[in-house]
Amino acid sequence: MNSLPKILTGLTFIAGMIGFINGEYIISSALFAATTYTSNMHGRHKERHQ
């Protein structure tokens, strides 16, 4: 269950790349922002529980 945020972050990043390639720049920007946000949240959560 601990790897679920990593999987979701990866899937969001891949969806953003596909959107960027297809020319959906606004959607891909939003997906990249969501990826950055979740990645930073996961990193900070990991730092607190060490």
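**Q** Sorry, what's going on with the overall build of the protein here?
**A** Helices and strands together make up the secondary structure of the protein, namely 2 helices and 0 strands. For the protein, the exposed surface amounts to about 4200 Å²; the carbon and sulfur share of it is 66%.

**Q** Just to check I follow, could you spell out helix α1 (residues 4-21) for this structure?
**A** Note on helix geometry: an α-helix contains 3.6 residues per turn, so any two residues three or four positions apart are oriented the same way. Spanning 18 residues, α1 covers 26 Å between terminal C-alpha atoms, matching the ideal 26 Å at 1.5 Å per step. Here α1 has its buried residues at T9, G16 and G19. The buried residues of α1 occupy an angular sector of 85 degrees when projected down its axis, which confines them to one face. Exposed residues on α1 whose side chains face more than 90 degrees from its buried face are K6, L11 and I21. Looking at the residues trailing α1, positive phi occurs at G23, about 90 degrees.

**Q** It is not clear to me how the environment of L11 should be interpreted in this structure. Could you clarify?
**A** Take L11: it is sitting in helix α1. On the basis of relative accessibility, which here comes to 52%, the residue L11 falls in the exposed class. Separated by 20 residues in the primary sequence, L11 and L31 have C-alpha atoms spaced 9.9 Å apart.

**Q** Would you mind going over the packing of aromatic side chains with me for this structure?
**A** The geometry of an aromatic ring pair is captured by the separation of the ring centres together with the interplanar angle, meaning the angle of the planes. In this structure the tally under the stated criterion is 2 aromatic pairs. For the pair F13 and F32, a centre-to-centre distance of 5.7 Å together with 50 degrees between the ring planes defines the contact as tilted. On the criterion of sequence distance, the pair formed by F13 in helix α1 and F32 in helix α2 (residues 25-48) is long-range, its members being 19 residues apart. The partly exposed category is assigned to F32, whose relative accessible area is 24%. With centroids separated by 5.3 Å and ring planes inclined at 70 degrees, the aromatic side chains of F20 and Y25 adopt a geometry described as edge-to-face.

What counts and what doesn't
- Residue indices begin from 1 for each chain and proceed along its sequence in written order.
- Where local features are concerned, this predicted model is filtered to residues with pLDDT of at least 70; where side-chain atom pairs are given and counted, the filter is 80 or more; whole-chain, interface and lining totals use all residues.
- Note that the side-chain values use all heavy atoms of the structure and ignore hydrogens as well as water.
- Put simply, DSSP H or I for four residues or longer makes a helix, DSSP E for two residues or longer makes a strand, and each gets a number counted from the N terminus.
- Shrake-Rupley sampling with a 1.4 Å probe provides the accessible areas, and residues are treated as covered by the protein chains on show and by no other component.
- Here the expected length of a helix is defined as 1.5 Å per residue gap, with one fewer gap than residues.
- Under the scheme applied here, a residue whose accessible area is under 20% of the maximum for its type counts as buried, over 50% as exposed, and between as partly exposed, the area being computed with a 1.4 Å probe on protein chains only.
- The arc in question is formed by the directions pointing from the helix axis toward the C-beta atoms.
- Any pair of Phe, Tyr and Trp rings, taking the six-membered ring for Trp, is counted once the centres come within 6.5 Å. Such a pair is stacked with planes under 30 degrees apart, edge-to-face with planes over 60 apart, and tilted for the rest.

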